[in-house]
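# Topology and contacts: notes
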Amino acid sequence: MSLIEWADFEKVELRVGTIVQAKPNEKARKPAYVLTVDLGEMGLKTSSAQITDHYEPEALIGRQVLCVCNFEPKRIAGVKSEVLVTGAHDEQNSVVLAGFDHQVPNGTRLL
């Protein structure tokens, strides 16, 4: 692992958002959902996320997630993915979403 400077960390826009819509991405080669995430003053952003192993679309609504907001938008299986929803792989290599113990305002930046 290489060490970074504080300025390097500050370059990454990690912000909290709330999932307001989730539906299967029918065009994805690997199962994925198209998420609409409310990022407060940044507005609604779209993400394609391979999180189908642990989550059903209806259970994702209202869930707060941590997003990388300053990647260049990318086309993924026909979807303009504007943010990266973060998580970690479990022992079965399935994604577990990063989250929070308490609600925080949408758009809040990670410290």
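- As annotated in an unreviewed UniProt entry, the protein chain is tRNA-binding protein from Saccharopolyspora elongata.

### Here's the deal with the UniProt feature "domain: TRNA-binding" (unreviewed entry) in the protein chain
- Here the UniProt-annotated "domain: TRNA-binding" (unreviewed entry) positions come out as residues 8-111.
- End C-alpha to end C-alpha, residues 8-111 measures 13 Å, and it is 7% helix and 40% strand.

### Side note on the nonpolar core
- Ranked by internal contacts, the top residues of the largest apolar core, which has 16 residues, are L35, V37, I51 and L60.
- Those elements that provide at least two residues to this core are β1 (14-24), β2 (33-38) and β4 (64-68).
- Those residues within four positions of L60 in sequence are excluded, and the remaining contacts are I19, A22, Y33, L35, I51, Y55 and L97.

### Topic: the packing of aromatic side chains
- The final tally for this structure, using the stated rule, is one aromatic pair.
- On the numbers, 5.2 Å between centres and 45 degrees between planes, the contact of W6 with F9 is tilted. Residue W6 and its partner F9 are both found in helix α1 (residues 6-10); the two are separated by three residues, about one turn of the helix.
- Overall, W6 belongs to the exposed group, its relative accessible area being 55%.

### Quick word on unusual backbone geometry
- Not every positive phi belongs to a glycine, and A77 is a case in point at roughly 50 degrees.
- Owing to a relative accessible area of 28%, A77 belongs among the partly exposed residues under this scheme.
- Even without being a glycine, N93 presents a positive backbone phi close to 70 degrees.
- If you trace the backbone, N93 turns up in the loop between β8 (87-89) and β9 (95-97).

Reading the values: rules and limits
- Residues numbered from 1 in each chain as written.
- Predicted model: local features only at pLDDT ≥ 70, side-chain atom pairs only at ≥ 80, totals over all residues.
- Heavy atoms only, no water.
- UniProt positions renumbered as here; feature names shortened; annotations may be inferred.
- Helix = DSSP H or I, 4+ residues; strand = E, 2+ residues; numbered from the N terminus.
- Core = buried A, V, L, I, M, F, W, Y, C linked by side-chain atoms within 4.5 Å.
- Buried < 20%, exposed > 50% of the residue type's maximum accessible area, 1.4 Å probe, protein only.
- Contact = heavy atoms within 4.5 Å.
- Phe/Tyr/Trp six-rings, centres within 6.5 Å; stacked < 30°, edge-to-face > 60°.

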